[in-house]
Amino acid sequence: MSKITVYEKPTCTTCRKVANVLIENGVDFEKVNYYIKPFSKTKLQSLLKKMKMKPSELLRKNEKVYKDLRFKEKNYTESQILDLMIKFPDLVQRPIVEMEEHTILARPAEKIKELF
């Protein structure tokens, strides 16, 4: 099986559910806490491309930082949103599961089954 990487926040319930599904199915995977090992701009762009998503589609809109940055009032470009996601990891939806060229936002956790 291809290498699987889960980009997560360990305290996130959905991230823990995805990890449990992988463990229960005997799948070997690597966890990356993107708060400790932040995304590079190139890496996040690559993941977005594989998921066929724009940065604005990967935004966590219920986060305090989202409100503090006044997203509803400002017209951020996709490039600006990407830069803000790098600076403020709370803006990134999670978990992101990467398996070579196939990458998904595993939200809800059941979406992880799309990889198998």
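Not measured: the values here are computed from a predicted model.

Q: Break down the sheet that holds strand 1 (residues 4–8) for me, with residues and values.
A: Ordered by their spatial adjacency, four strands build an open sheet running 2-1-3-4, and the pairing between neighbours is mixed. Pairing within the sheet leaves two strands with one partner each, and these edge strands are strand 2 (30–33) and strand 4 (102–105). Geometrically, the sheet is characterised by an average inter-axis angle of 15° between neighbouring strands, direction not taken into account. The sheet contact formed by strand 3 (residues 96–99) and strand 4 spans four bridges and is antiparallel. Among the inter-strand pairings, Val-97 is bridged to a residue of strand 4, identified as Ile-104.

Q: Go over unusual backbone geometry, please, and point to the residues and values.
A: Trans peptide bonds make up most of the peptide bonds, and negative phi angles are found at most residues other than glycine. The peptide bond linking Arg-94 to Pro-95 adopts the cis configuration, its omega dihedral lying at -5°. As for its placement among the helices and strands, Pro-95 is situated in the loop between helix 4 (78–87) and strand 3. For the bond running from Arg-107 to Pro-108, omega is 5°, close enough to zero to count as cis. Even without a glycine there, the phi angle at Lys-52 is positive, about 55°. Within the fold, Lys-52 resides in the loop between helix 2 (41–51) and helix 3 (64–68). Unusually for a residue other than glycine, Arg-70 sits at a positive phi of about 55°. Of note, Arg-70 is situated in the loop between helix 3 and helix 4. On the basis of relative accessibility, which here comes to 41%, the residue Arg-70 falls in the partly exposed class.

Q: Help me get a handle on the confidence of the model for the protein, residues and values and all.
A: Any region with low pLDDT has predicted coordinates that should not be read closely. Looking at the protein as a whole, the pLDDT averages 94, with 99% of positions reaching at least 70. Within the protein, no element has a lower average pLDDT than strand 4, which sits at 93, and none a higher one than helix 4, at 98.

Q: Please give an account of the packing of helix 2 against helix 4 that cites residues and values.
A: Axis separation between helix 2 and helix 4 bottoms out at 10 Å; the angle between their running directions is 120°. Relative to helix 4, helix 2 is oriented oblique. You can see that helix 2 and helix 4 cross each other, and the crossing is right-handed. Residues Lys-41, Leu-44, Gln-45 and Leu-48 of helix 2 lie in contact with helix 4, whose contacting residues are Ser-79, Leu-82, Asp-83, Met-85 and Ile-86. Looking at the contact of helix 2 with helix 4, its residues break down into five nonpolar, two polar and two charged.

Cut-off values and rules
- Residues numbered from 1 in each chain as written.
- Predicted model: local features only at pLDDT ≥ 70, side-chain atom pairs only at ≥ 80, totals over all residues.
- Heavy atoms only, no water.
- Pairing = 2+ DSSP bridges.
- Helix = DSSP H or I, 4+ residues; strand = E, 2+ residues; numbered from the N terminus.
- Axes fitted to C-alpha atoms, helices over the stretch in contact; angles between N-to-C directions.
- Buried < 20%, exposed > 50% of the residue type's maximum accessible area, 1.4 Å probe, protein only.
- pLDDT = per-residue confidence, 0-100.
- Parallel < 35°, antiparallel > 145°, perpendicular 65-115°, else oblique.
- Left-handed = near helix turned anticlockwise from the far one by under 90°.
- Contact = heavy atoms within 4.5 Å.
- Nonpolar A, V, L, I, M, F, W, Y, C, P; charged D, E, K, R; others polar.

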